[in-house]
Amino acid sequence: MTKYFLPIAFLVSVIGMTSCKDSNPKPAEIVEAIHTDDLPEEEVQKDLLHVLTDEKDLLINEGSEQVVKSLIATFNRINAFTEWAQISTMDFTTETGEGVTKLYYNKELQVEKIVVRKYEKEQQSLDVYYLNEGQVALVIKQVLDYNADIKDKAFSVEESEYTKDCNYFAEGKLVSIMSNQDCGAPFAQDYLVEVDKEIKEEVKKLIP
């Protein structure tokens, strides 16, 4: 009997200690609720601009009809394609915000589509580049300039200024720019050459 007494006594002692420990639980940690207004601006940003996939969204005038017609097939093909061999995503920062770049690779591991989003303090932008056989074919740039701070109650998408530019290329050269902010008059050739250079330099930076 004695040989069982010590183990039993030890077990009773352990149970008693456990019961005492449970009877005096630690106070629960107080978790403060986080309000959206207290979050950093980038955490409440929303994608207010969307990648345009309908050819009806392309800006066209009488002078650009032929050029656009030749690019619609490329525009539709790339937007309809879903079996990308690779989609590379890269985050980056700007002087007043941040952004993300997505590169879409075909089976030959050539980039055919580039999507660049930027979230700035006073605006957000969305640039989509379409490439055909390694050459820039079409670039659609959208910008939404906020009418007020995006976290402010006064902010309104409808009251913010929306800009859309369609840059059309033919045989590797920028031949036409259409904007929803202009009167439809063609841009000067010198300006086209300047924008052509800027776009191609940007593409070189975006593709590793």
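The structure this text deals with has already been given above.
Before going into details, it helps to say that this report is about the structure given with it. None of these values were measured; they are calculated from a predicted model.

Some details on the pattern of salt bridges
The tally for this structure, following the rule as stated, stands at four salt bridges. In this structure, lysine 141 and aspartate 127 form a salt bridge, with 3.2 Å as the shortest nitrogen-oxygen distance. Here aspartate 127 lies in strand E4 (residues 123-132) and lysine 141 lies in strand E5 (residues 135-145), a separation of 14 residues in the sequence. Overall, the relative accessible area of 11% leaves aspartate 127 in the buried class.

A few points about the packing of aromatic side chains
Two aromatic rings are characterised by how far apart their centres lie and by the angle between their planes. Per the stated rule, a full pass over the model turns up four aromatic pairs. Residues tyrosine 146 and phenylalanine 155 carry aromatic rings whose centres are separated by 5.3 Å and whose planes lie at 90° to one another, so their mutual orientation is edge-to-face. Taking the relative accessible area as the measure of exposure, phenylalanine 155 reaches 17% and is therefore buried. Taken together, Phe81, Trp84 and Tyr104 form an aromatic cluster joined through their ring pairs. Stacked on the ring of tyrosine 104, the Lys or Arg lysine 113 has its end atom at 5.3 Å from the ring centre.

Focus: unusual backbone geometry
Although it is not a glycine, glutamate 133 adopts a positive phi angle of roughly 55°. Unlike most non-glycine residues, glutamate 171 shows phi in positive territory, near 55°. On the secondary structure map, glutamate 171 appears in the loop between strand E6 (161-170) and strand E7 (173-179). On the basis of relative accessible area, glutamate 171 is assigned to the exposed category, the value being 79%.

Observations regarding the sheet that holds E6
What the seven strands build is an open sheet, ordered E1-E2-E3-E4-E5-E6-E7; its pairing is antiparallel. Whereas interior strands pair on both sides, the edge strands pair on one side only; in this sheet they are strand E1 (86-93) and E7. For this sheet, the mean angle separating the axes of adjacent strands, direction not counted, is 15°. Bridge count between strand E3 (residues 111-120) and E4: seven bridges; the pairing is antiparallel. By the bridge assignment for E4, isoleucine 114 is matched with tyrosine 129. Against the sheet, helix H3 (residues 65-80) touches E3, E4, E5, E6 and E7, its axis set at about 100° to E4. Helix H4 (residues 189-206) contacts E1, strand E2 (97-105), E3, E4, E5, E6 and E7 of the sheet and is inclined by roughly 100° relative to E7.

What counts, and where the lines are drawn
- Residues numbered from 1 in each chain as written.
- Predicted model: local features only at pLDDT ≥ 70, side-chain atom pairs only at ≥ 80, totals over all residues.
- Heavy atoms only, no water.
- Salt bridge = Lys/Arg side-chain N within 4 Å of Asp/Glu carboxyl O.
- Helix = DSSP H or I, 4+ residues; strand = E, 2+ residues; numbered from the N terminus.
- Buried < 20%, exposed > 50% of the residue type's maximum accessible area, 1.4 Å probe, protein only.
- Phe/Tyr/Trp six-rings, centres within 6.5 Å; stacked < 30°, edge-to-face > 60°.
- Lys NZ or Arg CZ within 6 Å of the ring centre and 35° of its normal.
- Pairing = 2+ DSSP bridges.
- Axes fitted to C-alpha atoms, helices over the stretch in contact; angles between N-to-C directions.
- Contact = heavy atoms within 4.5 Å.

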